[in-house]
There are 2 protein chains.
Amino acid sequence: MGAGHEFDLIRRLERRWGPAAQGLGDDAAVLDVPAGSRLVVSTDTSVEGVHFRRDWLTTGEIGYRSSVAALSDLAAMAAEPLGMVVALTLPADLAEAIDDIGNGIADASRTARCPIVGGDLTRGDQLSLTVTVLGFSVHPVRRRGARPGQDIVVTGRLGGPGAALRALSEGRMPEPTHRERFARPVPRLREAGWLAQAGATAMIDISDGLAPEARHLAAASGLTMVIDLDVLPAMAGLDAAQAALSGEEYELLATVPAGPDLAAFAHAFGIPLTRIGAVQDGEATATFLRGGDRVDLAGGYDHFSP
Amino acid sequence: MGAGHEFDLIRRLERRWGPAAQGLGDDAAVLDVPAGSRLVVSTDTSVEGVHFRRDWLTTGEIGYRSSVAALSDLAAMAAEPLGMVVALTLPADLAEAIDDIGNGIADASRTARCPIVGGDLTRGDQLSLTVTVLGFSVHPVRRRGARPGQDIVVTGRLGGPGAALRALSEGRMPEPTHRERFARPVPRLREAGWLAQAGATAMIDISDGLAPEARHLAAASGLTMVIDLDVLPAMAGLDAAQAALSGEEYELLATVPAGPDLAAFAHAFGIPLTRIGAVQDGEATATFLRGGDRVDLAGGYDHFSP
């Protein structure tokens, strides 16, 4: 590519993003955190061949999903979005895909009402996106505040992304509803605000699967998370174990004071909120019950696994 | 690598970072921006084979330089550091280098007094670091505030990184002083604070070379930057053109009210501050003089250049 091409590509992205992008063009972005609020920050990298495959997703979907993976961390803290910065590493043969990737990022930005405030564009052998999200909250919800006797709740219906990935890796066409959940996850930002209002004491987003995330909450809070697989909200045709081990869901797992208004949540957001267990004193781990009996649920996603 | 190895590596980094790291372990970091200050954010990616070569730098230097490249953007805005998040993509054969890379990042963090508050670790084919820096300032200095009649000043002595890169690319050993400036640049954070106090109206860090950065300031401010190459502070043995086109300097180029106290700056920081020109009404570009005659200085660094 010729000299100045990097700047041309950046200008092309800026034109494409239009009002989704704000205040680009300086060495850094300048933002205002509302008085009385704390700043919440998270970064998330998506690498081709590790987090996504180009034959499984469109370039637009890659841009969208990579951004949602980061935005979902703001939801996990019950933070409101302030802005996002996008570092894009683009192989030379993908220079023409920049419009589609940019569209996908802008789509996530609009969905989350989180403007794109900065970024970096660089060449590399492997397509990679690192999205850093900035949010604010008076009282961010962390992983460690759970208390014995509280309810464990989860948003949405689980299993779709896992089922889609299983089909794709076996060379089958995934069910469209499963593929949609895999390719177009929704960051549960407004839902997180509702849960915080309902008194959520610990919260996490389900990126590695419900079972490992429940263990993270248990470890951070030093308590036992007892989860009843019989009531786990799975997508049609999927069993509870599939739902519990499906990653990249971007649904929220939270502990709340007993008896949240599940119907009000469903009415407000059009997705279920389900009570799937309770917090108990005991070993800092998650236990899973089926028909009242304890079952073993190993697994979960680790990018460094074979 | 076995399951859980990603978490093992993250724990290993956390142990290594010790007090340089703060508040890791949640979905996002929580920080406080001092009341009355604005938030300043920038992100910077360094990719192996594009921004650095493993045969030219140690892995520790790669971690250090990649972090300084981002921290320098806070200096360019005259922002004080608040925290940094580090997204590291590591090829499988470099897993053992994580300690050295982590040391380099921690070294930059300590140099800048900017704690590591979060990050992401992922596998990939190509070593890559995306560092996002967060800072604060009551009045961030942007690129666009220059006014006619103001002085143009630059910190330090230029040319070292360019000379080191030239030697390395020709298979020669670089001069140790040049290599040091290339491998161990210093983010000019305190110097930036001094320049802001001295009334700096526009500022930029020299990552692509003084000449192209002067053009950026000119374009943003809509004025002519007239720069006298005869007074450009070059490292020993280098000429003005080499100094003006050397990239990855991480020195600061600023416009200030005429007559800043250059001696006070040198006394405070042990590096020179040099008046190299003046801002004039006219075309939004930079012009370069040698012996009073205008000379053409093309070039500069573009990651998408051939």
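Numbering of residues starts from 1 in every chain and runs along the sequence as written. Working convention: letters from A go to chains and numbers from 1 go to ligands, in the order in which they are written. Given that this is a predicted model, residues contribute local features only at a pLDDT of at least 70 and side-chain atom pairs are listed and counted only at 80 or more, while totals for whole chains, interfaces and linings are drawn from all residues. Side-chain calculation: all heavy atoms of the structure are included, whereas hydrogens and water are not.

## Side note on the overall build of chain A
For step 1, the next point in the chain: Counting from the N terminus, the helices are DSSP H or I runs at least four residues long and the strands are E runs at least two residues long. Counting its secondary structure elements, chain A contains nine helices and 12 strands.
For step 2, the next point in the chain: Both definitions apply: the radius of gyration is a C-alpha atom measure, and the globule rule equals 2.2 Å times residues to the power 0.38. In terms of overall size, chain A behaves like a compact globule, its C-alpha atoms giving a radius of gyration of 20 Å where 306 residues would be expected to give roughly 19 Å.
For step 3, the next point in the chain: A principal-axis box enclosing the C-alpha atoms of chain A has dimensions of 65 × 50 × 35 Å.
For step 4, the next point in the chain: Three labels apply to residues, based on accessible area from a 1.4 Å probe with only protein chains included: buried if under 20% of the type maximum, exposed if over 50%, partly exposed otherwise in between. By residue count, 61% of the 306 residues in chain A fall in the buried class.
For step 5, the next point in the chain: What makes two residues a contact is simply this: any of their non-hydrogen atoms within 4.5 Å. Once local pairs closer than 6 in sequence are excluded, the contacts in chain A between residues at least 24 apart make up 87%.
For step 6, the next point in the chain: Of the roughly 11600 Å² that chain A leaves accessible, carbon and sulfur atoms contribute 49%.
For step 7, the next point in the chain: Side-chain charges of chain A comprise 27 positive and 39 negative groups, with the mean position of each set lying 2 Å from the other. In short, Shrake-Rupley with a 1.4 Å probe defines the accessible areas, and a residue's cover is counted only from the protein chains shown. Only four residue types enter the tally: Lys and Arg on the positive side, Asp and Glu on the negative side, with His and both chain ends excluded. Charged groups are reduced to one reference atom each: NZ for lysine, CZ for arginine, CG for aspartic acid, CD for glutamic acid.

## Some details on the pairing of strand β9 (residues 252-256) of chain A
All names here are of chain A.
For step 1, the next point in the chain: The buried count for β9 comes to five of five residues, which makes it a mostly enclosed element.
For step 2, the next point in the chain: Here β9 shows no split at all, with L252, A254 and V256 on one side and L253 and T255 on the other all buried.
For step 3, the next point in the chain: Here, strands pair whenever DSSP counts at least two bridges between them. Pairing analysis gives four bridges linking strand β6 (residues 151-155) to β9, with the strands arranged antiparallel. Along β9, the bridge assignment pairs I152 with T255.

## Examining the interface of chain A and chain B
How big an interface is tends to be stated in terms of accessible area lost as the parts join.
For step 1, the next point in the chain: If you look at the interface, chain A gives 61 residues, while chain B gives 61 residues.
For step 2, the next point in the chain: A combined buried area of about 5200 Å² lies between chain A and chain B, and 53% of that area is made up of carbon and sulfur atoms.
For step 3, the next point in the chain: A pair is scored as a salt bridge if a Lys or Arg side-chain nitrogen falls within 4 Å of a carboxyl oxygen belonging to Asp or Glu. Our count for the chain A to chain B interface comes out at four salt bridges.
For step 4, the next point in the chain: In this structure, R38 of chain A and D32 of chain B form a salt bridge, with 2.8 Å as the shortest nitrogen-oxygen distance.
For step 5, the next point in the chain: Here a polar contact means two N or O atoms within 3.5 Å. Within protein one must be a hydrogen donor candidate and the other an acceptor candidate, and residues neighboring in sequence count only if both atoms are side-chain atoms. Across the chain A-chain B interface, the total number found is 18 residue pairs in polar contact (both at pLDDT 80 or more).
For step 6, the next point in the chain: Going through the elements one at a time, α1 (5-17), β1 (29-31), β2 (38-47), α2 (59-76), β3 (80-90), β4 (116-123), β5 (128-137) and β7 (202-205) of chain A are the ones with two or more residues in the side of chain A that touches chain B.
For step 7, the next point in the chain: For the side of chain A that touches chain B, the element with the most residues is β2 of chain A, which contributes nine residues.
For step 8, the next point in the chain: Residues that form the side of chain A that touches chain B fall into these classes: 27 nonpolar, 18 polar and 16 charged.
For step 9, the next point in the chain: The pairing of β1 of chain A with strand β2 (residues 38-47) of chain B spans three bridges and is classified as antiparallel. Within β2 of chain B, the position partnered with L31 of chain A by the bridge is L39 of chain B. Summed over both partners, the accessible surface that disappears when two parts come together, traced with a 1.4 Å probe, is what is meant by buried area. When residue character is reported, Ala, Val, Leu, Ile, Met, Phe, Trp, Tyr, Cys and Pro are called nonpolar, Asp, Glu, Lys and Arg charged, and the others, Gly included, polar.

## Notes on the relation of the copies chain A and chain B
For step 1, the next point in the chain: Least squares is used to superpose the copies, and the fit set is the C-alpha atoms of residues whose pLDDT is at least 70 in both copies. For the match of chain A to chain B, the screw axis carries a shift of 0.0 Å, the RMSD comes to 0.0 Å, and the turn is 180°. Both chain copies can therefore be described as sitting about a two-fold axis.
For step 2, the next point in the chain: Counting the interface residues of chain A, we find that 100% of their copies in chain B are interface residues as well, pointing to one common contact surface.

## Observations concerning the sheet that holds strand β10 (residues 273-280) of chain A
All names here are of chain A.
For step 1, the next point in the chain: Across the sheet, seven strands lie side by side as β7-β9-β6-β10-β8-β11-β12; this open sheet has mixed pairing. The sheet terminates laterally at β7 and β12 (293-295), the two strands that pair on one side only. The mean inter-strand angle of the sheet, taken between neighbouring strand axes irrespective of direction, is 30°.
For step 2, the next point in the chain: Every axis in this analysis is a line fitted to C-alpha atoms, fitted for helices over the stretch in contact. Angles between the N-to-C directions lie between 0 and 180 degrees. On the sheet, α2 packs against β7 and β9 and is oriented at approximately 170° with respect to β7.

## Description of the sheet that holds β4 of chain A
For step 1, the next point in the chain: The five strands are arranged β4(A)-β3(A)-β5(A)-β2(A)-β1(B) in an open sheet whose pairing can be described as mixed. At either margin of the open sheet sits one strand with a lone partner, and together these are β4 of chain A together with β1 (29-31) of chain B. Going across the sheet, the axis of each strand differs from the next one's by a mean of 20°, ignoring polarity.
For step 2, the next point in the chain: Running at roughly 35° to β5 of chain A, α2 of chain A makes contact with β2, β3 and β5 of chain A of the sheet.

## Thoughts on unusual backbone geometry
Residue and element names in this part refer to chain B.
For step 1, the next point in the chain: Despite not being glycine, E248 has its phi angle at roughly 55°, a positive value.
For step 2, the next point in the chain: By the element assignment, E248 lies in the loop between α8 (240-245) and β9 (252-256).
For step 3, the next point in the chain: In this structure, Y250 takes a positive phi of about 60° despite not being glycine.
For step 4, the next point in the chain: Structurally, the position occupied by Y250 is in the loop between α8 and β9.

## Considering helix α3 (residues 98-111) of chain B
Residue and element names in this part refer to chain B.
For step 1, the next point in the chain: How far a helix is expected to stretch is found by multiplying one less than its residue total by 1.5 Å. End to end, α3 covers 20 Å across 14 residues, agreeing with the expected 20 Å (1.5 Å per residue, within 8%).
For step 2, the next point in the chain: When α3 is considered as a whole, its buried residues turn out to be I98, D99, I101, G102, G104, I105, A106, A108 and S109.
For step 3, the next point in the chain: Just past α3, the residue R113 takes up positive phi, approximately 50°.

## Regarding the packing of aromatic side chains
Residues and elements named next belong to chain A.
For step 1, the next point in the chain: Between the rings of Phe, Tyr and Trp (Trp by its six-membered ring), a pair exists once the centres lie within 6.5 Å; its type follows the angle of the planes, with under 30 degrees stacked, over 60 edge-to-face, and the other angles tilted. In this structure the tally under the stated criterion is four aromatic pairs over all chains.
For step 2, the next point in the chain: Both rings, one in W194 and one in F265, keep their centres 5.2 Å apart while their planes meet at 85°; by these two values the pair is edge-to-face. With a gap of 71 residues between them, W194 in helix α6 (residues 189-197) and F265 in helix α9 (residues 262-269) connect regions that are remote in the sequence.
For step 3, the next point in the chain: Residue F265 is classed as buried on the basis of its relative accessible area of 0%.
For step 4, the next point in the chain: Clustering of aromatic rings is evident, with ring pairs tying together W194, F265 and F269.
For step 5, the next point in the chain: By definition, being over a ring means that NZ of Lys or CZ of Arg is both within 6 Å of the ring centre and within 35 degrees of the ring normal. The ring of Y64 has R184 lying over it, and the distance from NZ or CZ to the ring centre is 3.9 Å.

## Considering the nonpolar core
For step 1, the next point in the chain: To define a nonpolar core, start from buried Ala, Val, Leu, Ile, Met, Phe, Trp, Tyr and Cys residues and group those joined through side-chain atoms within 4.5 Å. Ranked by size, the top nonpolar core spans 61 residues in total, and within it M84 and L195 of chain A carry the most contacts.
For step 2, the next point in the chain: In terms of residue count, the dominant contributor to this core is α2 of chain A (eight residues).
For step 3, the next point in the chain: For M84 of chain A, the contacting residues outside a window of four places in its chain are S67, L71, I105, S109, C114, P115, I116, V117, G118, V131, T132 and V133 of chain A.
For step 4, the next point in the chain: A79, L90, I98 and I101 of chain B belong to the second largest nonpolar core, which has 60 residues in total.

## Quick word on the packing of helix α6 (residues 189-197) of chain B against helix α9 (residues 262-269) of chain B
Residues and elements named next belong to chain B.
For step 1, the next point in the chain: Interaxial distance between α6 and α9 falls to 11 Å at its minimum, and their mutual angle equals 155°. Taken as axis vectors, α6 and α9 run roughly antiparallel relative to one another. For α6 against α9, the interelement crossing comes out right-handed. Of α9, the residues touching α6 (which contributes R190, E191 and W194) are A264, F265 and F269. Here is the rule for angles: anything less than 35 degrees is roughly parallel, anything more than 145 is roughly antiparallel, 65 through 115 is roughly perpendicular, and the remaining ranges are oblique. Crossing handedness follows the turn of the near helix against the far one: under a right angle anticlockwise gives a left-handed crossing, and clockwise gives a right-handed one.

## Description of the packing of α2 of chain A against helix α3 (residues 98-112) of chain A
Residue and element names in this part refer to chain A.
For step 1, the next point in the chain: Closest axis-to-axis distance for the α2/α3 pair is 6 Å, and the angle between their directions is 35°. Seen along the crossing, α2 lies across α3 with a hand that is right-handed. Counting all contacts with α2, which are made through T59, G60, G63, Y64, S67, V68 and L71, the residues of α3 involved are D100, I101, G104, I105, D107, A108, T111 and A112.
For step 2, the next point in the chain: For the contact of α2 with α3, a count of residues per class yields seven nonpolar, six polar and two charged.

Just distances and angles here, no functional claims.
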